[in-house]
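Residue-level structure breakdown
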Amino acid sequence: MSSIGAILKHPEDLLALLKMKFAATHASKQIPSDPDLAFCYTMLHKVSRSFAFVIQQLGVELRNAVCVFYLVLRGLDTVEDDMSIPVDTKLPILTNFHQHIYDPSWHFSCGVNDYKELMDQFHHVSAAFLALGKRYQEAIEEITRRMGAGMAKFICQEVETVEDYDEYCHYVAGLVGLGLSRLFHAASLEDLSPDSLSNSMGLFLQKTNIIRDYLEDINEIPKSRMFWPREIWDKYAINLEDLKEEERSKEAVQCLNEMITNALRHATDCLKYMAALRDPAIFRFCAIPQIMALGTLEICYNNVEVFRGVVKIRRGLTAKIMDRTNGMADVYEAFFDYSGKLASKVPKDDPNADVTLKYVDDIQRSCIASGLLSKRRSLTIDSKKGHEVFLAICVLLLAVLLAILTFKL
C-alpha cells in the first residue's frame, strides 16, 4: 500500500489502491496444489508482483503456460544479468538454455535473493514446462533458443548503433512479444499477430526499462551494464557514465529525450496490436503494461532525476490504470493524454524536438481516428476530483472520534 503522505496528496487513488490490494491478496492465495506449479506461482509473485497480478486473470491453461514461459525467460535473464559469471561459462549456458528446460535435474546457481532461489530450484520450472501441451512447449523452446543466442551475441558485443540497440531489444524483449502471441494463438484465443507488431510490443516495454534504469545499470557491481547505444549518447558525452555527473545535466537531459523519442516510434504499432485482440483477459494482460510504459516515458522526459535516482509513476496511479483499463477506449485515452502531456514538456531548443513532436502527433492521430476518445474519463492525467469527498470523510470520522472520546470522558 502507498504511504499515508501519497494518499493524502492523491486521495482519489485510495479506492483503486484498495482494489489492487484485495486483488493482489486474492491472487497470492490462488496457488495450485501441484508442487511444481505451486513453486512457479510462488516465485512469480516474488520476482514480479505486477506481472503476477495481470497473469492471474488469464484462463487456467494459458495462465500456466505464460507463467512457465515468464520464469524460463527470467531464468535465462538471470544468467545474462549475473556479471560475476565468467564469459566462457555464461555463453554455453545461454545458448543451451532451451535444452536445459527439458531436463528436470538441471539447475545453475547464480543471481541473488529470489532469483537465486529460482535458479537453485529450476527443476520445478522444467517439470511444469514438461506438463504443458506440445504447442506451448514448442513456442517456449523456440523463443528461448533464439533469445539465448541473441543474449550470447551481445555478451561479446557492445551496443554501438541504433540498429544494434533494436537488435538487442528484439532478442531480450521483442521475442517475448512474439512468444506471447504464439501462446495466445496456441490457446485458440487470438489470431497470430504479425511479428512486426509483436516485436514492437516488446521493444516499447524494454526501451522504457532501459531508459528508466540508467543509474541502476551504470552503477552495477562488479561491472556496469550499458544498453544505451553509443550512436546516441556519443553526441552528448565522452563516456556514458559521464551523464550522471551534475555538470553534464543539460547534455544528459538532451540525450534522455532522444532515447525517449526513439522509444516513441513503437507506440502506434502497439496500438494496432492491442486493437486486434479479442479476449478480454489477454487484452488487459497486454494493455496495462503498455499504458504504464508510456506513463513512465512521460515522467522521465526532460527529467534530470533519471540520472539521480529512481523515477517511476506512483503506486496509486498504477492502481488506477489496473482498475480502469478494460477496453481500447481506455488505451486510446491513456495514450492520448500521456503523449499530450509529454509534448507539453518538449523544449523548443531540444535537438530532437521536431522528431519527438512528430511521433506524438502520430500517436494522437491514431487515437483520434479510433473514434473512441469521446468516452474519455481523464484516466491518466491527474485531477483533483475526489479530494473534497475524501477530506469530508476525514472530517466526519474525526468528529465521530471526538464525540466518542467526549462521551467516555
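This text follows the structure it describes.
The sections below set out a description of the structure shown in this document. For clarity, every value in this text was computed on a predicted model and none was experimentally measured.

Some thoughts on the packing of helix H9 (residues 134–155) against helix H10 (residues 162–186)
Put simply, H9 and H10 touch, their axes get as near as 9 Å, and they point 175 degrees apart. Taken together, the axis directions place H9 and H10 in an arrangement best described as roughly antiparallel.

A few points about the state of the cysteines
Within the structure shown, the criterion is met by 0 disulfides. For cysteine 67, which is in no disulfide, the shortest distance to another cysteine sulfur is to cysteine 40 and amounts to 5.2 Å. Assessed through its relative accessible area of 0%, cysteine 67 is described here as buried.

Section: the layout of surface pockets
What the second largest pocket holds in volume is close to 520 Å³. Together, 23 residues line the second largest pocket, and Met83, Phe154, Ile155, Glu158 and Lys223 are the ones closest to its centre. For the lining of the second largest pocket, the secondary structure elements donating two or more residues are helix H5 (60–81), helix H6 (87–100), H9 and helix H13 (230–233). Among the elements that take part in the lining of the second largest pocket, H9 stands out by supplying 3 residues, more than any other. For the lining of the second largest pocket, the class distribution of residues is 13 nonpolar, 2 polar and 8 charged.

So, the pattern of salt bridges
Taken as a whole and assessed by the stated rule, the structure comprises 16 salt bridges. Notably, a salt bridge pairs arginine 230 with glutamate 160, separated by 3.0 Å at the nearest N-O pair. Of this pair, arginine 230 sits in helix H13 while glutamate 160 sits in the loop between H9 and H10, and the two are 70 residues apart along the sequence. By relative accessible area, glutamate 160 is classed as partly exposed at 31%. Across the pair glutamate 298 and lysine 345 runs a salt bridge, and its minimum N-O distance is 2.6 Å. One end of the pair, glutamate 298, is in helix H16 (residues 280–300); the other, lysine 345, is in the loop between helix H18 (328–343) and helix H19 (353–369), with 47 residues separating them in the sequence. Owing to a relative accessible area of 2%, glutamate 298 belongs among the buried residues under this scheme. Connected through salt bridges with shared partners, the residues Glu142, Arg146, Arg182 and Asp195 form a single ionic network.

What counts and what doesn't
- All residue numbers refer to positions counted from 1 along the written sequence of the respective chain.
- Per-residue local features are limited, in this predicted model, to residues with pLDDT of at least 70; the limit for side-chain atom pairs, both in listing and counting, is 80 or more; totals at the level of whole chains, interfaces and linings are taken over all residues.
- Computation of side-chain values covers all heavy atoms of the structure but excludes hydrogens and water.
- To obtain an axis, a line is fitted to C-alpha atoms, over the contacting stretch when the element is a helix, and the angle between two such axes runs from 0 to 180 degrees between their N-to-C directions.
- A run of DSSP states H or I qualifies as a helix once it reaches four residues; a run of E qualifies as a strand once it reaches two. Both are numbered from the N-terminal end.
- An angle counts as roughly parallel when it lies under 35 degrees, as roughly antiparallel when it exceeds 145, as roughly perpendicular when it falls between 65 and 115, and as oblique in every other case.
- When two cysteine sulfur atoms are found within 2.5 Å, that pair is recorded as a disulfide.
- Note on classification: 1.4 Å probe, protein chains only; a residue is buried when its accessible area is under 20% of the maximum for its type, exposed when over 50%, partly exposed between these limits.
- Computed over the protein atoms alone on a 1 Å grid, cavities are sets of points where a 1.4 Å probe fits but cannot get out and pockets are open sets with protein on both sides within 12 Å along at least five of seven lines; a residue lines them when it has an atom within 4 Å of a point.
- Grid points are joined across faces, edges and corners, and a volume is the space filled by probe spheres set on the points.
- Put simply, Ala, Val, Leu, Ile, Met, Phe, Trp, Tyr, Cys and Pro go in the nonpolar bin, Asp, Glu, Lys and Arg in the charged bin, and everything else, Gly too, in the polar bin.
- We define a salt bridge as a contact between a side-chain nitrogen of Lys or Arg and a carboxyl oxygen of Asp or Glu at a distance within 4 Å.

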